[in-house]
Amino acid sequence: MRKLLLGSGGVQHREMADLLGKFNNVNLVFFSIFLLTVCFLYPACQEKKRPELAEQVDFNFHIKPILVQKCYLCHGPDPSSREAGLRLDIEEGAFSILESGNTAIHPGSLQKSALVGRITQTDPELMMPPPSSNLELSEKEINLLKKWIKQGAAYKEHWAFIPPVRPETAPDESTSEVIDRLLKEKVDAHQLTVSPEADKYTLIRRLSYVLTGLPPKPEEVKAFVENKGYNAYEKLVDHYLASPAYGERWARHWMDVVRYAETKGHEFDFMIHGAWQFRDYLIRAFNKDLPYDQLVKEHLAGDLLAFPRYHPEKGFNESILGTMFLTMAEGTHSPVDIRKDETDRIDNMIDVTGKGLQGLTIACSKCHDHKFDPIPTKDYYGLYGIMESTRFTPVPLSEERKKTINLEDARKIKNYIRVSLAALWDSADAQKLPFQLAANFEKKDKKTATNYKILGDFRGQDLQGWKADGHAFGVSTTLGDPVFKKDKPELEYLNQGMASSRKFKTGIFGALRSSDFTIGEQFVGVKARGSGGSIRIIIDNFQLISYPIYGGMDQKVNNPEWSQFVFDVGDWKGHKAYIEVLPGAYRNHVYQQREEDYIEVEYAIAYEEEWQEPLLPGKTANTSLITAVANWKNQHSAIEEVHHLNTMLAENRLARSFPEMEKSIFQEKLVLAPIRDSVFFNGVTEGTGRESPVFIRGSHLDLEKDKVPRAFLPKILDYQGLYSIKGSGRMEMTTAILSPENPLTARVMVNRIWHHVFGRGIVESVDNFGLQGKLPSHSELLDYLALSFVEGDWSIKKMIRAMVLTDAFRRSTQALDPEADIENRYLARYPVRRLEAEAIRDGMLAVASSLDPTMYGSSVPVHLTDFMQGRGRPQLSGPVDGNGRRSIYLEVRRNFLDGMMMAFDRPTPFSTFGKRDVTNVPAQSLFLMNDPFVILQAGNMAVHLINNRQEDTLEDRIKFIYLNAFSRLPEQDELGHAINFIQTLAIEYKVSSDEIMEHADLWKDYCHSIFNMKEFIYLL
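Conventions and cut-offs
- Residues numbered from 1 in each chain as written.
- Predicted model: local features only at pLDDT ≥ 70, side-chain atom pairs only at ≥ 80, totals over all residues.
- Heavy atoms only, no water.
- Helix = DSSP H or I, 4+ residues; strand = E, 2+ residues; numbered from the N terminus.
- Buried < 20%, exposed > 50% of the residue type's maximum accessible area, 1.4 Å probe, protein only.
- Contact = heavy atoms within 4.5 Å.
- Areas by Shrake-Rupley, 256 points an atom, 1.4 Å probe, with all protein chains shown as cover.
- Lys, Arg positive; Asp, Glu negative; His and termini not counted.
- Charge placed at Lys NZ, Arg CZ, Asp CG, Glu CD.
- Disulfide = S-S within 2.5 Å.
- Axes fitted to C-alpha atoms, helices over the stretch in contact; angles between N-to-C directions.
- Parallel < 35°, antiparallel > 145°, perpendicular 65-115°, else oblique.
- Left-handed = near helix turned anticlockwise from the far one by under 90°.
- Nonpolar A, V, L, I, M, F, W, Y, C, P; charged D, E, K, R; others polar.
- Pairing = 2+ DSSP bridges.
- UniProt positions renumbered as here; feature names shortened; annotations may be inferred.
- Phe/Tyr/Trp six-rings, centres within 6.5 Å; stacked < 30°, edge-to-face > 60°.
- Lys NZ or Arg CZ within 6 Å of the ring centre and 35° of its normal.
- pLDDT = per-residue confidence, 0-100.
- Core = buried A, V, L, I, M, F, W, Y, C linked by side-chain atoms within 4.5 Å.
- Polar contact = N/O pair within 3.5 Å; in protein donor to acceptor, adjacent residues only side chain to side chain.
- Salt bridge = Lys/Arg side-chain N within 4 Å of Asp/Glu carboxyl O.

- Under an unreviewed UniProt entry, the name given to the protein chain is PSD1 and planctomycete cytochrome C domain-containing protein, and the source organism is Negadavirga shengliensis.

With respect to the overall build of the protein chain
Move 1: In terms of regular secondary structure, the protein chain is built from 32 helices and 23 strands.
Move 2: Taken along the three principal axes of its C-alpha coordinates, the protein chain extends 140 × 95 × 60 Å.
Move 3: Residue burial in the protein chain is summarised as follows: out of 1020 residues, 56% are buried.
Move 4: If you take every contact in the protein chain between residues at least 6 apart in sequence, the share linking residues at least 24 apart comes to 73%.
Move 5: As displayed, the protein chain has an accessible area near 45900 Å², and 53% of this comes from carbon and sulfur atoms.
Move 6: Side-chain charges of the protein chain comprise 122 positive and 138 negative groups, with the mean position of each set lying 2 Å from the other.

Digging into the state of the cysteines
Move 1: Per the stated rule, a full pass over the model turns up 0 disulfides.
Move 2: The thiol of C71 is unpaired, and the distance to the nearest cysteine sulfur, on C74, comes to 9.0 Å.
Move 3: Of the residues examined, C71 reaches a relative accessible area of 16% and is grouped as buried.
Move 4: With no disulfide of its own, C367 lies closest to C364 among cysteine sulfurs, the gap being 9.6 Å.

Considering the packing of helix α12 (residues 244-257) against helix α13 (residues 275-288)
In helix packing, the relevant descriptors are the interaxial angle and the interaxial distance, both defined with respect to the helix axes.
Move 1: Running from amino to carboxyl end, α12 crosses α13 at an angle of 120°, the nearest separation of the two axes being 8 Å. Taken together, α12 and α13 sit at an angle that is classed as oblique. You can see that α12 and α13 cross each other, and the crossing is right-handed. The segment α12 lies against α13, with P244, Y246, G247, E248, W250, A251, W254 and M255 engaging R279, L282, I283, F286 and N287.

What to know about the packing of helix α30 (residues 972-989) against helix α31 (residues 1000-1011)
Move 1: Between α30 and α31, the least distance of the axes is 10 Å, while the angle of their chain directions is 140°. Looking at the two axes, α30 sits oblique to α31. Here the hand of the crossing between α30 and α31 comes out right-handed. Contacts from A978, F981, I982, L985, A986 and Y989 of α30 reach α31 at D1001, L1002, W1003, D1005, Y1006 and S1009.
Move 2: Of the residues that constitute the contact of α30 with α31, the class distribution is 9 nonpolar, 1 polar and 2 charged.

Regarding the pairing of strand β11 (residues 533-539)
Move 1: Counted residue by residue, β11 has 7 buried out of 7 residues, so it is predominantly covered.
Move 2: Of the two faces of β11, the one holding G533, I535, I537 and I539 and the one holding S534, R536 and I538 are both buried throughout.
Move 3: Where β11 lies against strand β12 (residues 554-557), 4 bridges are found, and the strand directions are antiparallel. Bridging across to β12, I535 finds its partner in Q555.

A word on the UniProt feature "domain: DUF1549" (unreviewed entry) in the protein chain
Move 1: As recorded in UniProt, the feature "domain: DUF1549" (unreviewed entry) lies at residues 179-391.
Move 2: End C-alpha atoms of residues 179-391 are separated by 44 Å, and the span's content is 54% helix alongside 1% strand.

Overview of the packing of aromatic side chains
Move 1: This structure, assessed with the given rule, holds 39 aromatic pairs.
Move 2: Ring-pair connections join several aromatic residues into one group, and the members of that group are F59, F95, W148 and Y155.
Move 3: The ring of F325 carries the charged tip of R259 above its face, separated from the ring centre by 5.9 Å.
Move 4: Over the ring of W1003 we find R957; its NZ or CZ atom is 4.9 Å from the centre of that ring.

Regarding the confidence of the model for the protein chain
Move 1: Per-residue pLDDT for the protein chain averages 91, and the proportion of residues at 70 or more is 92%.
Move 2: Low confidence marks residues 1-49, where pLDDT is under 50. Its contacts with residues over four positions away, or in another chain, come to 26 contacts.
Move 3: Low pLDDT, under 50, characterises residues 441-448; the predicted model gives this stretch 7 contacts beyond four residues in sequence or across chains.

Some details on the nonpolar core
Move 1: Counting residues in each nonpolar core, the largest one holds 191 residues, and the members touching the most others are L88 and W1003.
Move 2: When neighbours within four sequence positions are excluded, W1003 is seen to be in contact with A942, I946, L954, R957, I961, I982, I996 and M997.

Overview of the environment of I417
Move 1: As for its position among the elements, I417 is in helix α17 (residues 400-426).
Move 2: A relative accessible area of 2% places I417 in the buried class.
Move 3: Residues I417 and M661, 244 residues apart in the sequence, show an inter-C-alpha distance of 6.8 Å.
Move 4: Dropping the residues within four chain positions of it, I417 is found in contact with F484, F658, M661, S664, I665 and E668.

Overview of the side chain of D783
Move 1: Looking at the element boundaries, D783 is found in helix α23 (residues 779-791).
Move 2: Within the local environment of D783, its side chain forms a polar contact with the backbone nitrogen of V165, the two atoms lying 3.1 Å apart.

Some remarks on unusual backbone geometry
Move 1: Note the cis peptide between M128 and P129, where omega equals -5°.
Move 2: Note that P129 resides in the loop between α6 (114-119) and α7 (139-150).
Move 3: Y547 connects to P548 through a cis peptide bond whose omega is 20°.
Move 4: If you trace the backbone, P548 turns up in the loop between β11 and β12.
Move 5: With a phi angle near 55°, N588 is a residue other than glycine that sits in the positive phi range.
Move 6: With respect to the helices and strands, N588 occurs in the loop between β15 (585-587) and β16 (590-592).
Move 7: Phi at N652 is positive, roughly 60°, even though this residue is not glycine.
Move 8: Overall, the relative accessible area of 60% leaves N652 in the exposed class.

As for helix α25 (residues 837-847)
Move 1: For α25, a buried count of 10 out of 11 residues is recorded, marking the element as mostly surrounded by other parts of the structure.
Move 2: Among all positions in α25, only A837, E838, A839, I840, R841, D842, G843, M844, L845 and V847 are buried.
Move 3: Of the residues flanking the end of α25, it is S849, one or two places downstream, whose phi is positive at about 60°.

As for the pattern of salt bridges
Move 1: Tallied over the full model, the rule gives 72 salt bridges.
Move 2: A cluster of three or more residues bridged by salt bridges with shared partners is formed by R339, E342, E388, R391, D516, D540, K576 and R690.

Here you go:
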């Protein structure tokens, strides 16, 4: 009996066993009577109480979790794994007559529901789930299913796909008050006791770390504690929300969502050009309180916005920086299967877009219909087409508005020169005389003209449908552009037709790209000239072009004479490709463009054996000078017209200047002089709109015949119209995500904010709102927050402010009833939280007075230890202390991640991680004990104490250290322990009592011990 009771139930059972031991010699009869009496009175010996069931069983909150975990694998939305023709995820499938003639679920009747018989079976051949699945229904789950069927088996759409509903609120209730009231309803329902408000020391430390990621300064702590005003806390909230450190803190949270990194990983860990510019963009966005809907627009389609944002001081386009969200994927060096590499990159873009913005695991439907969520494979490939139609590009970071104004002024000046010359030419003596246009004045053998394909011919007036990004190539070719003599302001000739990156001048970025084409010939040829420019054949959107496989697809142009550039593309016949012409070049996969670099192209062809010169486009007709001049003035010249005008100029039959020409040429040079593009980042631009077929089982080698129209989750978001045919569809996708009818976007974001404020999301699985995600602990509250978020203009700061002003946020972490709500789902108390890696490191820098508050700029190189070896390892290591900069400014190299960040659970940046792991492992303690960074900061703190607090007594210094490190004063016993410890250190170092206050190593050791206290890395 003693063993039985000891094994059954803890302290009370042990007390019972001791009591029974006193009756060893009692008559067996009396003992039996006693035992029966005890068993009747003692709950542990009674029959186990059946679990209570909800009065009204709800499909979403009670039934669907059972079906998802125990049934959907074989009877869910994916037809490829469905068995016996039974589908339990929708009403029609569950209520229909099966192959056996039975009905799985008959609303209101247990006897007619075959499912009930199968889940209560004991025969292994008949029971469900089958033993082979290693799944088993609990008694409570079986009873819930029965009760649900009795109550009518009402199906509901998944809770996250139902539009949020506003709960009733009083007109004068603030957002914070509504939050507290809705939380209180749950607390009361579970009969919990709320903890009292935390003391002011705890509150300021908690608030400072949550909002800024830094500890409060000692003077801030003192001021807050001494402030007895009724709104002292509210003022403190506004102070920290206005701090620049707020943007650094909350941008770092978002960087986990967008898998921020500065290198591609894999073999050589190539740089993601300008990644730190994206980081700075995020910091500015959060500090500015950029509306979340605008942030989403800029992430997905910042290059397409009609009215982008510009940096208020530097004038560059802020919005287009947001598109780096799409470029943060990993990248491989020379993949053998280039098409497979493209599918991997697009899959990552889909995965991060789905998890990050919608809380859905869309990538799970790549190979088959989603096993749990209503995302068919076709919807995955509808989104795939959007991403596949998006191209990667260098983007200049320059004063865009000023550049646009100056270029427009230059166009006006050019046009004025053209109009002025045309006016003089209209009065020429020969203006009425007709002349014959001689088409194709370079005769070709017409038989050979069919042995090639023209991919682009720029000898005429237009760019042949090629897409010119940036400003360098303008909107037309150079055909007919005036060329002036270098020694005097006089027209020399009219230019021949070509696509030229110096349409205005050199030093301006631009990219000229063909439409997508399918490689069908052995060679692609481009006739070009230039200096420092490059021509690239982009196959399957692959960007990291290099040897040993793809190096020939990137050729540098460094010849001022016209040359033939030949690309052997025979190995990739059948692949899609486009030609990219750049005035600069990639060097080690980083785009660079010097001021003097340029490139000019006459034409591009595809051919099998021998290069073929395309016939010049032209016409044969009678015309007059007045017509030729009019066409030239309006920039609609034919090649032959320009040729004729040049002939007349050479014969001095046309004027070469006018009185204002010298001034106009000077003005044009003046407005163009400041324009210079030299800083770039990896962004995106529109490509050729294309639909993708479904990849059977996810294999790019096995495609369905029909292509899927581009769309964003039309099964769930069924309010969308047709997508753009020409463009990628990113703008339409953005509209669908931000539509008032989208039930996910606002919910997902406010849940992320709640997670960072309270340590756990209302939906704990912050990246998964699908059927396998966690259920919301407070569904009404989540709906209210989502609707309030949108009504509050998507303001993140407003939402955070409302949350931290709640009573719930200000509660103590002390549990008044430790056994009730152990996981603290209902927030009767504030949770104990370990700080993130960045906050721990930044906290050390702050309390050691080593923190450099400088904001923005290129990243501090990662500190390399001897153990950090491998391909792509930088030649130089960064400083061990990161130059004192905040952790957000430390370089994030995928192959060489910072040791402290890894030890304290910063996620590896390959996908969305809105919720970090929180581990408690020996490596963390070892790091705090032994790492050079920690020891260095302890030394810095000691030196600062000695140099700046010379008037301190021993007790004063200890109190300051506690206030600095823990934002509170020490208790009396802590003070005594600290003094004893310091005196022990003095003995170790053989330091007299008079020397204690000046001994750096002694105080270094003491400060080091402070960093190793749990309170330093936890919010308590």
